[in-house]
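Now for the letters of each chain:
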Amino acid sequence: MPAISLSPKQEQFIALSTARLNIASGAVRSGKTIASLLRWLMYIAQAPRRGGHLVIVGKTGETVARNVMEPLMDPSLTGPVAKRIFYTRGAATCNILGRRVEIISANDMRSESRLRGMTCGGAYVDEATLLPENFWDQLLARCSVAGAQIFATCNPDAPNHWLRQRFILRAHELDLKYFHFVLDDNPALDATYVANLKREYTGLWYKRFIEGLWVMAEGAVYDMWDPDRHIVDALPPMERWLGLGVDYGTTNPFNAILAGVSVPDRHGLRRIYFTHEWRWDSKVQRRQLTDAEYSKKLRDWLRTLPGTYGPGTYGVQPDWVVVDPSAASFIAQLHRDGFAPVMADNKVLDGIRTVSNLVGADRLRVHRSCEGWLTEIGSYAWDDKRAERGEDAPVKLDDHALDAGRYLLRTTEAAWQPLIELSN
Ligand SMILES: Nc1ncnc2c1ncn2[C@@H]1O[C@H](COP(=O)(O)OP(=O)(O)OP(=O)(O)O)[C@@H](O)[C@H]1O
Ligand SMILES: [Mg+2]
């Protein structure tokens, strides 16, 4: 049936996924989804009309469409079968080989309640670690038809993640088969692509997504940070003043960090630089500032910075002003004062990944004057206690400048990405 030749690991998955629960985990791009989708097609084709719904489950409708439906309907992967799959983006069901298949996403209450009422005869699960644990439990309870099988893929997460602790590690006592994929298990990846892929992941994510290991978030968050290499005393000229990131605080320190994108160096590479930092620590200053005072101080500070608009000029106008999303009143104040602030994307792990990748690729450098940021990064560590519970989170300590920088880089990613090629 497949239009492609499979790797031995993919064949193994297809031939040996005979348990009630079959989980493929491992490196990104290692061929898990394709192998398990081909298996799912075979399952659907052979699934006797034994009753029970067939379901495809994922984190969001969007991820199911992209990760599951797109490859299923790609004739270069599934051959002539692709023509026998009918699906409209966003629909709650699809038709595969003449069978109706329900599409259920974990982030949609209505869809979750549909699951509650169902009796299932088989399930395909995309990115199983990203589902809420009770959703997964619900799914298993629903797959109650005799002989029903579940095929799931995921990337490794924390070693104490519930999927590993309660299921994968208990494979011997449950009716469960676990398949571990590494990058080499995908025959379609060429060496340059793999080399680039390896450069795109750093730290924790390298271990999980490239090496495919269930490792704990422990030690330094930015373990790729190298002060000798990444701190600079002299700034190159900036091509663009990318933006100002702001972490708001009244009793806690207020932090603003300014970033520029440098002109290309002699190798044609641009970098992002944290060039200046402004910090107000009310405990040290013994005075709290109002929103209006903060806004004025920021404006005055930006005016005094040596500009790049010609020799002897002063003043920087950042393209973006990205602010702590919880600081609603301050954002309103900035609007009144003629700034055009945007609310920061505050997804902590995504932001940490963005910063890690930039640092790991040596595309982020920091001027020695950014003292708050440089102090905070030294003690920014993963939280052991939460890691033991299977959660990835940094210790909530001094992270104000780090947050300001993270907000800025994460939120303006689309603006700097075309200028900063991470994998060159
Ligand atoms: N046997 C194969 N022959 C040709 N192309 C393949 C094969 N297996 C996988 N691919 C292609 O390689 C890419 C990665 O495969 P797949 O999506 O299955 O990986 P994955 O392990 O699910 O990755 P992720 O963890 O990122 O979801 C896809 O573009 C897929 O079409
Ligand atoms: Mg996949």
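Rules used in this analysis
- Residues numbered from 1 in each chain as written.
- Chains lettered and ligands numbered in written order.
- Predicted model: local features only at pLDDT ≥ 70, side-chain atom pairs only at ≥ 80, totals over all residues.
- Helix = DSSP H or I, 4+ residues; strand = E, 2+ residues; numbered from the N terminus.
- Expected span 1.5 Å × (residues − 1).
- Buried ≥ 20, exposed ≤ 12 C-beta atoms within 10 Å, placed from the backbone.
- Core = buried A, V, L, I, M, F, W, Y, C linked by C-beta atoms within 7 Å.
- Contact = placed C-beta atoms within 7 Å.
- Domains from an automatic or database assignment.
- Nonpolar A, V, L, I, M, F, W, Y, C, P; charged D, E, K, R; others polar.
- Pairing = 2+ DSSP bridges.
- Axes fitted to C-alpha atoms, helices over the stretch in contact; angles between N-to-C directions.
- Parallel < 35°, antiparallel > 145°, perpendicular 65-115°, else oblique.
- Left-handed = near helix turned anticlockwise from the far one by under 90°.

A. Representation of helix 2 (residues 32-46) within the structure. With 15 residues, helix 2 should reach 21 Å at 1.5 Å per residue; the first-to-last C-alpha distance of 21 Å fits that figure. Extensive coverage of helix 2 is indicated by the burial of 11 of its 15 residues. All buried positions along helix 2 are accounted for by K32, T33, I34, A35, S36, L37, L38, R39, W40, L41 and Y43.

B. Looking closely at the nonpolar core. Ranked by internal contacts, the top residues of the largest apolar core, which has 105 residues, are A123, I257 and V323. Excluding residues that lie within four positions of it along the chain, I257 makes contacts with G245, F274, E277, C370, W373, A401, A404, G405 and L408.

C. Broad picture of the domain arrangement of the chain. Each domain of the chain was delimited in the assignment, giving domain 1 (8-210) and domain 2 (227-416). One C-alpha centre belongs to domain 1, the other to domain 2; they are set 39 Å apart. Counting residues at the interface gives nine residues for domain 1 and 11 residues for domain 2. Going through the elements one at a time, helix 8 (191-200) and helix 9 (203-210) are the ones with two or more residues in the side of domain 1 that touches domain 2. Of the residues assigned to the side of domain 1 that touches domain 2, the class counts are three nonpolar, four polar and two charged.

D. Representation of the sheet that holds strand 13 (residues 320-323) in the model. Spatial strand order, 9-15-12-11-10-13-14: seven strands in an open sheet with mixed pairing. On the outer flanks of this sheet lie strand 9 (231-232) and strand 14 (341-343), each paired with one strand and no other. Examined bridge by bridge, strand 11 (residues 254-262) and strand 12 (residues 272-280) share eight bridges and lie antiparallel to one another. By the bridge assignment for strand 12, I257 is matched with E277.

E. Structural view of the sheet that holds strand 8 (residues 176-181). On the basis of which strands lie adjacent, the open sheet formed by eight strands has the order 3-4-5-2-6-7-1-8 and mixed pairing. Edge positions in the sheet fall to strand 3 (85-86) and strand 8, since each of these pairs with one other strand and no more. When strand 1 (residues 21-26) meets strand 7 (residues 149-154), the two strands line up parallel, connected through five bridges. When the bridges of strand 7 are listed, I23 appears paired with A152.

F. Spatial organisation of the packing of helix 12 (residues 291-304) against helix 13 (residues 328-336). Two numbers describe how helix 12 lies on helix 13: the axes approach to 9 Å, and their chain directions differ by 55°. The orientation of helix 12 relative to helix 13 falls into the category oblique. As helix 12 packs across helix 13, the resulting crossing turns out to be right-handed. In this structure, helix 12 uses D291, A292, Y294 and S295 to contact helix 13, whose residues at the interface are S329, F330, Q333 and L334. Here the contact of helix 12 with helix 13 is composed, by residue class, of four nonpolar, three polar and one charged.

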